[in-house]
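Each chain, letter by letter, is given below.
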Amino acid sequence: MDWRDVIDEVDAGVERIAGTLGKLTDDDLRGQSALPGWSRGHVATHIARNADSLWNLLEGARTGVEIPQYASLDARNAALDEGAGRGGPELIEDVIATAARFSEQARTLPEDAWNAPVKAMLGWPHPAWYTVFRRWHEVEAHHVDLAAGYGPADWPEPYVRWASAATLADMAALPEKSLGALAGYRITATDSGDTADLGWAPGAPEASGSARALLGWLSGRSDGAGVGVRPDGPLPVPPPWPHEPAGF
């Protein structure tokens, strides 16, 4: 999928998040999210600060001066704690305004800057255009993390198609030590036909399901409903997601 089309998908995803947040009371926002140790206010604040952080990467691509995604992990966490206790209107305004700022940056970035190299917070490099895809992950996954009625079944089909294929491709490129309990597996999306051989050999375990079911499981946003394993047994715990993208 072309990154230019993804900007519109991201904008629509942010509108859905704002709609979800608008239905929550301040007590709801201070309640536990699906992420350990984070309230829903933390998740909403993170969505906004992530937009700012990815704006930084695009600004670095625009100017040619490297700008880190976040000043530091400690600074990122402090900003989340500081913003988490705000009321609904302030959180919604923050999410919408920062998302609009990111989208404007993306839409107006000069063509010759889109392939400029930038670095994720964890240090891996990628071209500037991939920042838009990273934002798509953040918007859709963290909407689920609000634990407010939006789940993998609600993900738009374009996101599922791209993210499931990308997740399998990225996992197939990971070193064995990073695969955890999935080392040696083959994973197959039964509807798209996409596969990832994670050191698989004939007779080794396999996991399969629809692209949507696999993405929910591999991203840690579902318990693996709709995913089957062969031979029969419990689903293994996937490694942390998302993964460093393959091919850059």
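Provided above is the structure to which this section pertains.
What comes next concerns the included structure. For clarity, every value in this text was computed on a predicted model and none was experimentally measured.

Considering helix α7 (residues 157-172)
Reasoning step 1: Its 16 residues place the ends of α7 23 Å apart at the C-alpha level, agreeing with the 22 Å of an ideal helix rising 1.5 Å per residue.
Reasoning step 2: When α7 is considered as a whole, its buried residues turn out to be Y159, V160, W162, A163, S164, A166, T167, L168, D170 and M171.
Reasoning step 3: Buried positions along α7 lie against α6 (130-145), β3 (186-189), β4 (195-197) and α8 (211-218).

Observations concerning unusual backbone geometry
Reasoning step 1: Geometrically, the link from R230 to P231 is a cis peptide bond, its omega value of 0° lying close to zero.
Reasoning step 2: With respect to the helices, strands and loops of the structure, P231 is situated in the segment after β6 (228-230).
Reasoning step 3: With an omega dihedral of 0°, the bond running from W241 to P242 counts as a cis peptide bond.
Reasoning step 4: Not every positive phi belongs to a glycine, and A147 is a case in point at roughly 50°.
Reasoning step 5: Considering the arrangement of structural elements, one finds A147 in the loop between α6 and α7.
Reasoning step 6: For A147, a relative accessible area of 37% gives the class partly exposed.

Here we look at the side chain of R135
Reasoning step 1: Of note, R135 is situated in helix α6.
Reasoning step 2: Among buried charged residues, R135 stands out as having no salt bridge; its nearest opposite-charge side chain is E138, 6.0 Å away.
Reasoning step 3: Not counting chain neighbours up to four residues away, the residues in contact with R135 comprise V10, V14, I47, N50, A51, L54, A99 and F102.

As for the packing of α6 against α7
Reasoning step 1: Interhelical geometry of α6 versus α7 gives an angle of 110° and a closest axis separation of 11 Å. Here α6 is positioned roughly perpendicular relative to α7, judged by the angle of their axes. Here Y130, F133, W136, H137 and E140 of α6 come into contact with α7, specifically with P158, Y159, W162, A163 and D170.
Reasoning step 2: By residue class, the composition of the contact of α6 with α7 is seven nonpolar, one polar and two charged.

Description of the sheet that holds β6
Reasoning step 1: Read from one edge of the open sheet, four strands run β4-β3-β5-β6, paired in mixed fashion. The sheet is open, and its two edges are formed by β4 and β6, each paired on a single side. Going from strand to strand, the sheet's axes swing by 15° on average, the running direction of each strand aside.
Reasoning step 2: Here four bridges tie β3 to strand β5 (residues 206-209), and the two strands are oriented parallel to one another. In the strand pairing of β5, T188 is matched with S208.
Reasoning step 3: The strands touched by α7 within the sheet are β3 and β4, with β4 carrying the most contacts at an inclination of about 15°.
Reasoning step 4: Packed onto the sheet, α8 meets β3 and β5 and runs at close to 135° relative to β3.

Describing the packing of aromatic side chains
Reasoning step 1: Within this structure, the stated rule accounts for twelve aromatic pairs.
Reasoning step 2: Taken together, a centroid distance of 6.0 Å and an interplanar angle of 15° make the contact between Y130 and F133 stacked. You can see Y130 and its partner F133 sitting in helix α6, three residues apart, about one turn around the helix.
Reasoning step 3: By relative accessible area, Y130 is classed as buried at 7%.

Remarks on the environment of A128
Reasoning step 1: With respect to the helices, strands and loops of the structure, A128 is situated in the loop between β2 (125-127) and α6.
Reasoning step 2: For the pair A128 and A34, spaced 94 residues apart in the sequence, the C-alpha separation amounts to 30 Å.
Reasoning step 3: Once residues within four sequence positions are removed from consideration, A128 is found in contact with L58, A61, A113, W114, N115, A116 and V118.

A look at the environment of L179
Reasoning step 1: Residue placement: L179 occurs in the loop between α7 and β3.
Reasoning step 2: The buried category is assigned to L179, whose relative accessible area is 3%.
Reasoning step 3: Counting along the chain gives 60 residues from L179 to P239, while the straight-line C-alpha distance between them is 5.7 Å.
Reasoning step 4: If we skip the residues at most four places from it in the chain, L179 touches M171, L174, L198 and P239.

Here is what the cut-offs are and how they apply
Residues numbered from 1 in each chain as written. Predicted model: local features only at pLDDT ≥ 70, side-chain atom pairs only at ≥ 80, totals over all residues. Heavy atoms only, no water. Helix = DSSP H or I, 4+ residues; strand = E, 2+ residues; numbered from the N terminus. Expected span 1.5 Å × (residues − 1). Buried < 20%, exposed > 50% of the residue type's maximum accessible area, 1.4 Å probe, protein only. Contact = heavy atoms within 4.5 Å. Lys, Arg positive; Asp, Glu negative; His and termini not counted. Salt bridge = Lys/Arg side-chain N within 4 Å of Asp/Glu carboxyl O. Axes fitted to C-alpha atoms, helices over the stretch in contact; angles between N-to-C directions. Parallel < 35°, antiparallel > 145°, perpendicular 65-115°, else oblique. Nonpolar A, V, L, I, M, F, W, Y, C, P; charged D, E, K, R; others polar. Pairing = 2+ DSSP bridges. Phe/Tyr/Trp six-rings, centres within 6.5 Å; stacked < 30°, edge-to-face > 60°.

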